[in-house]
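Analysis of the macromolecular model
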Amino acid sequence: MRQVYLAATGQNRGKTTTSIGLLDGFLRRGLDTRFMKPVGQRTIIEDGVPADEDAVLVRNVFSLADPLLVMSPVHIPRGFTKAYINGEIVEDLGARIRAAHAAVTRDGEILLIEGTGHAGVGAVIGLSNATVAAMLGAPAIIVAEGGVGRPIDEIVLNASHFASQGVRVAGAIVNKVDLEAQPGIARTLERGLALHDIPLLGVLPYRPILSNPTLAMILEGVHGETVHPGPDLDRVIGGVAIGAMEPAHMLERINPDTLVIVPGDREDVILTLTTAHLTGGLAHGPGAGPGPVTAGGSGVAHGAGAALGLVLTGGYRPRQAVLDAIRRANLFATIVPEDTYVVASEIHDLLVKTHSADAGKIEMIKALVWEHLHIDRVLEAAGPVPG
């Protein structure tokens, strides 16, 4: 049996996306494929068993048979790190990981081991990615985010930490790359990494649907009061706009997939957006301002698209007539107590995770990785399971 350890240069680099694509690629090659995430930081309860959410996702998507206790042996809930430092955790966590690894490698042909963040994550409890990869005897592949200088610098930095633990870095994958704007970037990255003896195993193009949150994630992230859920909370937002300008100017800057963050007392902006949604949009351009807008009426010309939804800030609740207009337009809307800047920052920093219910997104991930990653090179980079 062969194995590979998938790490990243930081959070939200696309490691789980890459894992899904690699597992799909291994299965397309007809290989008996296994998965484990030795140390998890986001614990959920599945069938009464605590496990890392990525292990649960992979098990559900690919119908893997191994028990979650084997696929996710160590998870770090809130307060665990402090308890470990204070000597309250006495169990040999490394032994638990080795036992799970022994169980998952009894059968099969290829094992994908997914790490947690960059090479040093987990060091606080003695289980950094580099330490765990060395413990399991697995070569590492590092996932980085798009660019040129930054990903190469980060990959080299992480590779040095793996090397310090005796772990071979088998290659790197660069995710979220704008291939249309930089058509020659793959070759540049390959040459830059070759200077450090790190093979480039593939470049994944940027796709907004894989990086942007859904409306449901927005609702969960801002902890708002739902005014109206809209037609589909699983819609992915295409961008964010701040409704802090005149309505006519606002409409020049939004699209049908835009989430608008606007103070709850800016009824002029809210009503313009609801009316535009009902009528199919507003004409815009020089001199094209909106007609008179009321809570129940129109007076709006057709043209551009309306927004996807509204986040009403400041704790200001619009008048009932305005709330009724939002519901009539079937626009997603939530009210939050924080000001616009705070909410915009929260949305910007949201960690976008893939869930097993995201069927369309998962199929896109599989197709993207199959097309752009060299699965056979990844398999060649994998190393034998020791012993």
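This report concerns the structure included in the present document.

As a further point, take the nonpolar core. Formed by 40 residues in total, the largest nonpolar core has its most connected members in Ile155 and Phe162. The contact partners of isoleucine 155, leaving out residues within four places of it in the chain, are Thr9, Ile142, Ala144, Ala172, Val174, Leu193 and Ile198. Val4, Leu112, Leu201 and Leu379 belong to the second-largest nonpolar core, a separate cluster that totals 34 residues.

One open sheet accounts for 5 strands, arranged 11-15-14-13-12; its pairing is mixed. In this open sheet, the two edge strands, each paired with only one partner strand, are strand 11 (225-228) and strand 12 (239-242). Across this sheet, the average inter-strand angle for adjacent strands is 25°, counted without regard to direction. As defined by bridge partners, strand 12 adjoins strand 13 (residues 258-263) across 4 bridges and the pair is classed as parallel. If you follow glycine 239 over to strand 13, its bridge partner there is threonine 258. Contacting strand 13 and strand 14 (309-313), helix 12 (residues 267-279) runs over the sheet at an angle of about 155° to strand 13.

In this structure, lysine 176 takes a positive phi of about 60° despite not being glycine. Mapped onto the elements, lysine 176 comes out in strand 9 (residues 169-177). Positive phi is not limited to glycine here, since asparagine 330 has a value of about 60°. Since its relative accessible area comes to 30%, asparagine 330 is described here as partly exposed.

The final tally for this structure, using the stated rule, is 21 salt bridges. Between glutamate 154 and arginine 13 there is a salt bridge whose closest N-O contact spans 3.5 Å. One end of the pair, glutamate 154, is in helix 7 (residues 149-164); the other, arginine 13, is in the loop between strand 1 (2-8) and helix 1 (15-28), with 141 residues separating them in the sequence. For glutamate 154, a relative accessible area of 18% translates into the label buried. Each of Lys15, Lys37, Asp52, Asp54 and Glu114 takes part in salt bridges that share partners, so that together they form one network.

Right, let's talk about helix 5 (residues 93-104) for a bit. Its 12 residues place the ends of helix 5 17 Å apart at the C-alpha level, agreeing with the 16 Å of an ideal helix rising 1.5 Å per residue. Among the residues of helix 5, Leu93, Gly94, Ile97, Ala100, His101 and Val104 are the ones counted as buried. With its buried residues spanning 125° around the axis, helix 5 presents them on a single face. Near the N-terminus of helix 5, the side chain that reaches the backbone nitrogen of glycine 94, with its oxygen 3.2 Å away, is that of aspartate 92.

Right, let's talk about the environment of serine 345 for a bit. Looking at the element boundaries, serine 345 is found in helix 14 (residues 340-348). Among the residues examined, serine 345 registers a relative accessible area of 25% and is labelled partly exposed. Once the C-alpha coordinates of serine 345 and glutamate 267 are considered, the two residues, 78 residues apart in sequence, prove to be 23 Å apart.

Summarising burial for strand 8 (residues 140-145): 5 of the 6 residues are buried, a large majority. Judged from the 4 bridges that link them, strand 1 and strand 8 form a sheet pairing that is parallel. Residue pairing for strand 8: alanine 8 is matched across the bridge by valine 143. As judged from the 6 bridges shared by strand 8 and strand 9, these two strands associate in the parallel manner. Across the sheet, alanine 140 pairs through a bridge with valine 169, a residue of strand 9. For the crossover that starts at strand 8, traverses helix 7 and ends in the parallel strand 9, the hand is right-handed.

Another point: the packing of aromatic side chains. This structure, assessed with the given rule, holds 0 aromatic pairs. Here the guanidinium or amino end of arginine 28 rests over the ring plane of tryptophan 370, the centre of that ring lying 4.5 Å away.

To continue, consider the environment of alanine 181. Residue placement: alanine 181 occurs in the loop between strand 9 and helix 8 (185-194). When the C-alpha positions of alanine 181 and phenylalanine 35 are compared, they lie 35 Å apart, and in sequence the two are 146 residues distant.

Cut-off values and rules
Residue numbering note: each chain is counted from 1, following its sequence as written. Selection of residues for local features in this predicted model requires a pLDDT of at least 70, selection of side-chain atom pairs for listing and counting requires 80 or more, and totals for whole chains, interfaces and linings are taken over all residues. Hydrogens and water molecules were not included; the side-chain quantities draw on all heavy atoms of the structure. We call a set of buried Ala, Val, Leu, Ile, Met, Phe, Trp, Tyr and Cys residues a nonpolar core when their side-chain atoms join them within 4.5 Å. For the exposure calls, accessible area comes from a 1.4 Å probe over protein chains only, and a residue counts as buried if that area is under 20% of its type's maximum, exposed if over 50%, partly exposed in between. Contact criterion: two residues are considered in contact whenever any of their non-hydrogen atoms come within 4.5 Å of each other. By this definition, two strands are paired if DSSP reports at least two bridges between them. Under the DSSP-based scheme used, a helix requires at least four consecutive residues in state H or I and a strand at least two consecutive residues in state E, with every element numbered from the N terminus. What counts as an axis is a line fitted to C-alpha atoms, over the stretch in contact for a helix, and the angles between N-to-C directions run from 0 to 180 degrees. Any carboxyl oxygen of Asp or Glu within 4 Å of a side-chain nitrogen of Lys or Arg constitutes a salt bridge here. Multiplying 1.5 Å by the helix residue count minus one yields the expected span of that helix. In this context, the arc is that of the directions from the helix axis out to the C-beta atoms. A 3.5 Å cut-off defines polar contacts: any pair of N or O atoms within that distance qualifies, except that in protein one atom must be a possible hydrogen donor and the other a possible acceptor, and neighbouring residues in sequence count only when both atoms are side-chain atoms. The handedness of a crossover follows from its direction of travel: if, with the strands pointing away from the viewer, the path from the first strand over the helix to the second runs clockwise, the crossover is right-handed. In this analysis, rings of Phe, Tyr and Trp, with Trp reduced to its six-membered ring, are considered paired at centre separations within 6.5 Å, and the interplanar angle assigns stacked below 30 degrees, edge-to-face beyond 60, and tilted for intermediate values. Any Lys NZ or Arg CZ that is within 6 Å of a ring centre and within 35 degrees of that ring's normal is treated as a charge sitting over the ring.

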